[in-house]
Amino acid sequence: MLQERTIGFIGAGSMAEAILAGLLRQKEVSRKQISIINREDQERLKELTERYRLDETKQRIETVAKSDIVILAVKPKDVPEVLQTWGHLFSEDQMLLSVAAGISTSLLEQHVAGKMAVIRVMPNTSCAVGQSATAICPGSHVSPEQLETARLIFRSIGSVIVVDESLMDAVTGLSGSGPAYVYYLAESLEAAGISAGLSPETSRALTVQTLLGASQMLLKTGKAAEELRREVTSPGGTTMAGLEVLDQYQLDEAIKKAVLRAKARSVEMGQQIAITF
Ligand SMILES: NC(=O)C1=CN([C@@H]2O[C@H](COP(=O)(O)OP(=O)(O)OC[C@H]3O[C@@H](n4cnc5c(N)ncnc54)[C@H](O)[C@@H]3O)[C@@H](O)[C@H]2O)C=CC1
Ligand SMILES: O=C(O)[C@@H]1CCC=N1
């Protein structure tokens, strides 16, 4: 289905690149279907053009805005300017997929043509390696076929769930921001390994494989995280000693607060943008 569609990216930042890289890597679309623009940073656009061998002649807003599928990948604060400047170029036979955190479909719908289909998407940067955990929610004018197209795009770069829009801020706090929490953990583990006497290379290699192995165990065994944790923890052993320290520092509470704060920030960002729109 995607083979026939053109895809235009507005914004050439890290999220656009992650999606683009994933789509091309999965061979879901070919380079000639893609167009992309960026604002002032033309060096960045040049870099992506060269890296993904994109067609330079298509890097015009007129081409991007007329794509069958427009992916809005600018920072939330830049969404009003984009839609106020270019929204009039869209038409009802296109779809707008917005990855902007916090921005509701109803707000987007107010600034695009007629009953254009708008879908809010929350992927994460792991889409660059085909492993995004993406949630999507349809706006008011999305047909089942259009939702399926959006699902297909993001399915090619990881897993996709369709959720009610009321859950999108929670998704943003958990899986949108989530890779950063895991990298934070990885940084901490690597540094800890070095403190324990390992070389940086050895510490990194063991950290990466430990995270990968644990994720695969969660995925492939289907067991609850708690059960898997118990299997590692021998009574009176090393793991128990380590976990007792994490409990002393209330790591579980810190993680819960982080996710809830990120969720609240998504709500705040949406409210701030709604005021300026
Ligand atoms: N980075 C992440 O992990 C995730 C980001 N998001 C969302 O993706 C969106 C983009 O985030 P990033 O890629 O991290 O930001 P970024 O700052 O790396 O990229 C945004 C790009 O948009 C360009 N831009 C700004 N205004 C523009 C305009 N008027 N016309 C054309 N281009 C314009 C900027 O020059 C910049 O290159 C944000 O709304 C964010 O909430 C969603 C999920 C995960
Ligand atoms: O930090 C942010 O605002 C974006 C949204 C989710 C991940 N990164």
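Residues numbered from 1 in each chain as written. Chains lettered and ligands numbered in written order. Predicted model: local features only at pLDDT ≥ 70, side-chain atom pairs only at ≥ 80, totals over all residues. Heavy atoms only, no water.

An unreviewed UniProt entry annotates the protein as Pyrroline-5-carboxylate reductase of Thermoactinomyces daqus. Database annotation for the protein, UniProt heading Sequence similarities (unreviewed entry): "Belongs to the pyrroline-5-carboxylate reductase family." Taken verbatim from the UniProt record of the protein, the Pathway (unreviewed entry) comment is "Amino-acid biosynthesis; L-proline biosynthesis; L-proline from L-glutamate 5-semialdehyde: step 1/1." (UniProt positions renumbered as here; feature names shortened; annotations may be inferred.)

### Section: the side chain of Arg44
Secondary-structure assignment places Arg44 in helix 2 (residues 42–52). On the basis of relative accessibility, which here comes to 15%, the residue Arg44 falls in the buried class. A polar atom in the side chain of Arg44 sits 2.6 Å from the backbone oxygen of Ala12. Beyond its immediate chain neighbours, meaning those up to four positions away, Arg44 contacts Ala12, Gly13, Ser14, Glu17, Asn38 and Arg51. (Helix = DSSP H or I, 4+ residues; strand = E, 2+ residues; numbered from the N terminus. Buried < 20%, exposed > 50% of the residue type's maximum accessible area, 1.4 Å probe, protein only. Polar contact = N/O pair within 3.5 Å; in protein donor to acceptor, adjacent residues only side chain to side chain. Contact = heavy atoms within 4.5 Å.)

### Things to note about the UniProt feature "domain: Pyrroline-5-carboxylate reductase catalytic N-terminal" (unreviewed entry) in the protein
Listed under "domain: Pyrroline-5-carboxylate reductase catalytic N-terminal" (unreviewed entry) in the UniProt record, and renumbered for this structure, are residues 6–102. Secondary structure across residues 6–102 comprises 37% helix and 16% strand; the distance between its end C-alpha atoms is 26 Å.

### A word on the site of ligand 2
Close contacts around ligand 2 come from Ala101, Gly176 and Ser177, and that covers them all. In isolation ligand 2 offers 250 Å² of accessible surface; the protein chains occlude 49% of this area. (Near = heavy atom within 4 Å. Areas by Shrake-Rupley, 256 points an atom, 1.4 Å probe, with all protein chains shown as cover.)

### Quick notes on the domain arrangement of the protein
Assigned domains within the protein: domain 1 (2–164) and domain 2 (178–264). Taking only C-alpha atoms into account, the centre of domain 1 sits 34 Å from that of domain 2. (Domains from an automatic or database assignment.)

### Section: a nonpolar patch on the surface
Side chains of Leu246, Leu251 and Ile255 sit close together on the surface and give an oily, nonpolar patch of about 250 Å² of accessible area. Structurally, Ile255 can be placed in helix 12 (residues 251–276). (Patch = residues over 30% accessible without salt bridge, like charges linked within 9 Å, V, L, I, M, F, W, Y side chains within 5 Å. Salt bridge = Lys/Arg side-chain N within 4 Å of Asp/Glu carboxyl O.)

### What about the pattern of salt bridges?
Tallied over the full model, the rule gives 18 salt bridges. A salt bridge links Arg120 to Glu165; the shortest N-O distance between them is 3.0 Å. One end of the pair, Arg120, is in strand 5 (residues 117–122); the other, Glu165, is in the loop between strand 7 (158–162) and helix 7 (168–176), with 45 residues separating them in the sequence. For Glu226, the salt bridge identified is with Arg230, shortest N-O distance 3.4 Å. Placement of the pair is Glu226 and Arg230 together in helix 10 (residues 225–232), with a separation of four residues, close to one helical turn. The class of Glu226 is partly exposed, set by a relative accessible area of 46%. Classification of Arg230 by relative accessible area gives exposed; the value is 52%. Overlapping salt bridges, with partners in common, bring together Arg39, Glu40, Lys77, Asp78 and Glu81 in one network.

### What about the site of ligand 1?
In the vicinity of ligand 1 lie 21 residues, with Ser14, Met15, Asn38, Val74 and Ala101 positioned nearest. Out of a free accessible area of 830 Å², ligand 1 has 83% covered by protein chains. Those elements that provide at least two residues to the shell around ligand 1 are helix 1 (14–25) and helix 4 (79–86). Looking at the shell around ligand 1 residue by residue, the classes come out as twelve nonpolar, five polar and four charged. (Nonpolar A, V, L, I, M, F, W, Y, C, P; charged D, E, K, R; others polar.)

### Some words on the packing of helix 7 against helix 12
When two helices pack together, you describe them by how their axes are tilted relative to each other and by the distance separating the axes. Relative orientation of the contacting elements helix 7 and helix 12 amounts to 130°, with a least axis distance of 7 Å. Taken together, the axes of helix 7 and helix 12 are oblique relative to one another. Like other packed secondary-structure pairs, helix 7 and helix 12 cross with a definite hand, here right-handed. Residues Asp169, Ala170, Thr172, Gly173 and Leu174 of helix 7 form the contact with helix 12, whose own contacting residues are Val259, Ala262, Lys263, Ser266 and Val267. In the contact of helix 7 with helix 12, the residues fall into five nonpolar, three polar and two charged. (Axes fitted to C-alpha atoms, helices over the stretch in contact; angles between N-to-C directions. Parallel < 35°, antiparallel > 145°, perpendicular 65-115°, else oblique. Left-handed = near helix turned anticlockwise from the far one by under 90°.)

### Section: the sheet that holds strand 7
Whenever strands of a sheet pair, they do so through backbone hydrogen bonds, lying parallel or antiparallel. In spatial order, the strands read 2-1-3-4-5-6-7; together these seven strands make up an open sheet with mixed pairing. Single-partner strands in this sheet number two, and they are strand 2 (34–37) and strand 7. Going from strand to strand, the sheet's axes swing by 25° on average, the running direction of each strand aside. Where strand 6 (residues 132–138) lies against strand 7, five bridges are found, and the strand directions are parallel. (Pairing = 2+ DSSP bridges.)

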